[in-house]
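Letter by letter, the chains look like this.
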Amino acid sequence: MKLKLIAPLIFIGCAGLAVGQTITDPAHIEVYVTPYYNSKGPAIDVGPFSSGLAAKNQSEFVATISKMKQLWDTLNFPEAYVSAIRLYDLGFRKESIYWFYSAQYRGRLFASLIDRDKMGGIGDPGFELFQAQNAFQQLVGPYINGYAFGDIDELTLIIERVQREGKTVPDLTKIYPRVAFKPKSEWDAGNKGLNEGLTKLLMTLKNEKASIKQQRIEHGMEAKFSKLQSKDLPKASRQ
């Protein structure tokens, strides 16, 4: 299976770049998703954890991640995406994969269950979040997937974990209080379809490992990302 055919299953292709996007430094995610994240600075606006996520001091950042893990079930997808970006940039790259795939799941769930007839337009919370989940996927995916697909076995374990955790639908009205969603009677069905999509991805990863590896080499992803290192979070911050 060609790498480009895997893209729909993982929400964003391993080697796929958004229009006009280039990766000059694979060790640093350079993206801008207004108003939530700008790599310049970085500037972060995702709520109460923003200053901690932007902290230059590693201990302050790690403490913030630890606090967020204690509230894991209530995090929204911008918080999870920005955390994934910062974990990656600060060298906690294996941990960033889990946060990234969790963020993707939450973002896709949001997009599938929002009431599009009531999400409004530019400036309205529903509309802005709907656009943001797509932007985060497209812009951040090439970086973290570029790294993550270098170890298919570990990536498989992470996706299995995200899939297990995603079987229960959270109360989206509490996580996104100013957004109108479809009736709750439709939530389980929407989530089931999303969860089953991960099953297809897992089958692909397990059955096409050699092909994925070859495609990475041909697209230059292996050479670009294989030298990146990852460090472990302090034990108190692991989930």
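Fair warning: this is a prediction, and the values are worked out from it, not measured in the lab. (Residues numbered from 1 in each chain as written. Predicted model: local features only at pLDDT ≥ 70, side-chain atom pairs only at ≥ 80, totals over all residues. Heavy atoms only, no water.)

**Considering the packing of helix H5 (residues 93-113) against helix H6 (residues 125-148)**
- Direction vectors running N to C along H5 and H6 enclose 150°, while the axes themselves pass 9 Å from each other. Considering the angle they form, H5 stands roughly antiparallel to H6. Where H5 crosses over H6, the handedness of that crossing is left-handed. Residue-level inspection shows Arg93, Lys94, Ser96, Ile97, Phe100, Tyr101, Gln104, Gly107, Arg108, Phe110 and Ala111 of H5 in contact with H6, the latter providing Gly126, Leu129, Phe130, Gln133, Gln137, Val140, Gly141, Ile144, Asn145, Tyr147 and Ala148.
- Among the residues forming the contact of H5 with H6, the class breakdown is 11 nonpolar, 8 polar and 3 charged. (Axes fitted to C-alpha atoms, helices over the stretch in contact; angles between N-to-C directions. Helix = DSSP H or I, 4+ residues; strand = E, 2+ residues; numbered from the N terminus. Parallel < 35°, antiparallel > 145°, perpendicular 65-115°, else oblique. Left-handed = near helix turned anticlockwise from the far one by under 90°. Contact = heavy atoms within 4.5 Å. Nonpolar A, V, L, I, M, F, W, Y, C, P; charged D, E, K, R; others polar.)

**Here we look at the sheet that holds strand E1 (residues 32-33)**
- Reading across the sheet, the 3 strands line up as E1-E2-E3 and stay open at both edges, with antiparallel pairing between neighbours. The sheet is open, and its two borders are formed by E1 and strand E3 (43-44), each paired with just one other strand.
- Judged from the 2 bridges that link them, E1 and strand E2 (residues 37-38) form a sheet pairing that is antiparallel. Note that in E2 the partner of Tyr32 across the bridge is Asn38. (Pairing = 2+ DSSP bridges.)

**Considering the pattern of salt bridges**
- Summed over all chains, the structure comprises 9 salt bridges.
- A salt bridge links Lys94 to Glu154; the nearest nitrogen and oxygen atoms lie 3.9 Å apart. Linking Lys94 in helix H5 with Glu154 in helix H7 (residues 152-165), this pair joins segments that are 60 residues apart in sequence.
- Given the relative accessible area of 26%, Glu154 is considered partly exposed.
- Because the salt bridges share partners, they merge into one network encompassing Lys213, Arg216 and Glu222. (Salt bridge = Lys/Arg side-chain N within 4 Å of Asp/Glu carboxyl O. Buried < 20%, exposed > 50% of the residue type's maximum accessible area, 1.4 Å probe, protein only.)

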